[in-house]
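Structural features, examined
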Protein chains: 2
Amino acid sequence: MSKIYVVGIGPGAYEQMTMRAAEALNACDVIVGYTVYVDLVKEHFAGKEFLTTPMKKEVDRCILAFEEAKKGKTVAMICSGDAGVYGMSGLMLEIGERYPDIEVEMISGVTAALGGASVLGAPLIHDFALISLSDLMTPWEKIEKRLLLASEADFVICLYNPSSKKRHDYLQKACDLMMQHKSPETVCGIVTNIGREKEEGKVMTLRKLRDTPVDMFTTVFVGNSQTRQINGKMVTPRGYTY
Amino acid sequence: MSKIYVVGIGPGAYEQMTMRAAEALNACDVIVGYTVYVDLVKEHFAGKEFLTTPMKKEVDRCILAFEEAKKGKTVAMICSGDAGVYGMSGLMLEIGERYPDIEVEMISGVTAALGGASVLGAPLIHDFALISLSDLMTPWEKIEKRLLLASEADFVICLYNPSSKKRHDYLQKACDLMMQHKSPETVCGIVTNIGREKEEGKVMTLRKLRDTPVDMFTTVFVGNSQTRQINGKMVTPRGYTY
């Protein structure tokens, strides 16, 4: 039976991939992915066949993977971070209904929330909520509701896709919503280019975050009421006494 | 300057560790951790010095790591999953205030939510909240509030520490709270022994989950209103049309 591995390659650097992910990429004939991610792994897996589709062609990309597997090839579908967090593993299982003879195995990776947290310090030590600000496939009202309720519940909140060309003011809108329940002094952080060149983390207040320009390569962290700054790091205590 | 790596070793299997984590463990002189996790890595890092402290001795464990580093050794403090998610990286930075000359670097790993999601299918594809049911260091009222508001916001919810000897009915209580906002037919899943021998995932309804016994090695996933079962897998759609 043909097999497809759906592989999270981690936040960027080759070394942030799990050994199991590297083994799967070594074991496969074809590596399928979004152009940018395929370029990230290409040099480490010479001799493989590489197939790419651009952004917004996710359904085509999945079908491509299954059609290659149907030819008898072992296929790896790669995603940045973890394929199971805003990645392709869900769509692969949905499209997979049409290809009952092809086995699909998921291989976890370090998603940007975890990779970015390591850069900032320890913001996610306690309960947290992960929210994407992209309203391409989710109504903004639903995002708004989640921001408000997660803030009311005093979750640490990690935001994916905080901005794009068309949505330049979304982070500002999100901060205003969160400030309905969180103090403007809440410790926050942003990380850009996680695991890549020019990786950078900055710690700031929620008030400051509101007016900080971010791009689509930024992951945003908003603390809970206990999060504090220690030597420039963002740290959410778990509650140990010492 | 002495250095401590705070390393997430992933959900269990050696191969689920990142390459960077393995490099850090290779580069260090001493590996410090909770007894169970040190036993998991021991065979792969022969020749290292291993130091352990039991559960509930987390503060002592951190001090031990800093004191070893103070002697000039390179130290790795290991945690299961990711050290930044209910792990030791926060406490290490807090205790680290007393040791300003020792550098602390975090190395991310695959936390149980991600490892378990890969076993079940793709439950975490969209916005999710991570909640620990342990009330050892968090008042139960706060946990209750988070369960209610996260359910109202229609997050996928992943539960850590769903049970223990003293808290055998906590998952039941949590399910009753979530059912105030989520349908009893909500697709849920549990995973035991992630990345280890006897790894097992089961998909069921929220109603069924309520009366399912779980132990402390179980990670629980509660879907959102869109989560469905596909060929026995738990899948949360992201919204692609196909």
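Residues numbered from 1 in each chain as written. Chains lettered and ligands numbered in written order. Predicted model: local features only at pLDDT ≥ 70, side-chain atom pairs only at ≥ 80, totals over all residues. Heavy atoms only, no water.

Concerning the nonpolar core
Counting 52 residues, the largest nonpolar core has Leu209 of chain A together with Leu147 and Leu209 of chain B as the members making the most contacts within it. Apart from residues lying up to four places away in sequence, leucine 209 of chain B is in contact with Leu171, Cys175, Cys188, Ile190, Met204, Val220 and Val222 of chain B. Ala117, Leu130 and Val187 of chain A together with Cys158 of chain B belong to the second-largest nonpolar core, a separate cluster that totals 38 residues. (Core = buried A, V, L, I, M, F, W, Y, C linked by side-chain atoms within 4.5 Å. Buried < 20%, exposed > 50% of the residue type's maximum accessible area, 1.4 Å probe, protein only. Contact = heavy atoms within 4.5 Å.)

Some thoughts on the sheet that holds strand 13 (residues 233-235) of chain A
Residue and element names in this part refer to chain A. The sheet built from three strands is open, its strands ordered 6-13-12 with mixed pairing. Two strands bound the open sheet, and with one partner strand each, they are strand 6 (121-122) and strand 12 (228-230). Sheet analysis places strand 12 next to strand 13, joined by three bridges and oriented antiparallel. Opposite isoleucine 230, over in strand 13, you have lysine 233 as the bridge partner. (Pairing = 2+ DSSP bridges. Helix = DSSP H or I, 4+ residues; strand = E, 2+ residues; numbered from the N terminus.)

What to know about a nonpolar patch on the surface
Residue and element names in this part refer to chain A. Together, Met55, Met216 and Phe217 line one region of the surface with nonpolar side chains, adding up to about 310 Å² of accessible area. Secondary-structure assignment places phenylalanine 217 in the loop between helix 8 (206-210) and strand 11 (218-222). With relative accessibility at 48%, the residue phenylalanine 217 sits in the partly exposed group. (Patch = residues over 30% accessible without salt bridge, like charges linked within 9 Å, V, L, I, M, F, W, Y side chains within 5 Å. Areas by Shrake-Rupley, 256 points an atom, 1.4 Å probe, with all protein chains shown as cover. Salt bridge = Lys/Arg side-chain N within 4 Å of Asp/Glu carboxyl O.)

Observations concerning the relation of the copies chain A and chain B
When chain A is fitted to chain B, the best match, at an RMSD of 0.0 Å, comes from turning it 180° and sliding it 0.0 Å along the axis. The superposition of one copy onto the other is thereby described by a two-fold rotation axis. A symmetric contact is evident, with 100% of the interface residues of chain A recurring at the interface of chain B. (Least-squares fit on C-alpha atoms with pLDDT ≥ 70 in both.)

With respect to the side chain of threonine 111 of chain A
With respect to the helices, strands and loops of the structure, threonine 111 of chain A is situated in the loop between strand 5 (103-107) and helix 5 (112-120). Taking the relative accessible area as the measure of exposure, threonine 111 of chain A reaches 5% and is therefore buried. Within polar-contact distance, the side chain of threonine 111 of chain A engages the side chain of tyrosine 160 of chain A at 2.5 Å. Filtering out sequence-adjacent residues up to four positions away, threonine 111 of chain A remains in contact with Gly81, Asp82, Val85 and Tyr160 of chain A together with Leu114 of chain B. (Polar contact = N/O pair within 3.5 Å; in protein donor to acceptor, adjacent residues only side chain to side chain.)

What to know about the packing of helix 3 (residues 58-70) of chain B against helix 4 (residues 89-96) of chain B
Residue and element names in this part refer to chain B. At a minimum axis distance of 10 Å, the contact between helix 3 and helix 4 shows a crossing angle of 60°. On the basis of their axis angle, the class for helix 3 and helix 4 is oblique. When the axes of helix 3 and helix 4 are compared, the crossing they make is right-handed. Of the residues in helix 4, those touching helix 3 at Glu58, Val59, Cys62, Ile63, Ala65 and Phe66 are Leu91, Met92, Ile95 and Gly96. In terms of residue class, the contact of helix 3 with helix 4 is built from eight nonpolar, one polar and one charged. (Axes fitted to C-alpha atoms, helices over the stretch in contact; angles between N-to-C directions. Parallel < 35°, antiparallel > 145°, perpendicular 65-115°, else oblique. Left-handed = near helix turned anticlockwise from the far one by under 90°. Nonpolar A, V, L, I, M, F, W, Y, C, P; charged D, E, K, R; others polar.)

Focus: the confidence of the model for chain A
Looking at chain A, the pLDDT average stands at 95 and 100% of residues meet or exceed 70. Scoring the predicted complex yields pTM 0.97 and, for the interface, ipTM 0.97. (pLDDT = per-residue confidence, 0-100.)

Let's talk about the sheet that holds strand 2 (residues 30-34) of chain A
Think of a sheet as strands paired side by side through backbone hydrogen bonds, with each pair either parallel or antiparallel. Residues and elements named next belong to chain A. Strands sit in the order 3-2-4-1-5 across an open sheet of five strands; the sheet is parallel. The open sheet has two edge strands, strand 3 (49-53) and strand 5, and neither has a second partner. Across the sheet, the mean angle from the axis of one strand to that of its neighbour is 20°, orientation sign disregarded. Across five bridges, strand 1 (residues 3-8) lies against strand 5 in parallel orientation.

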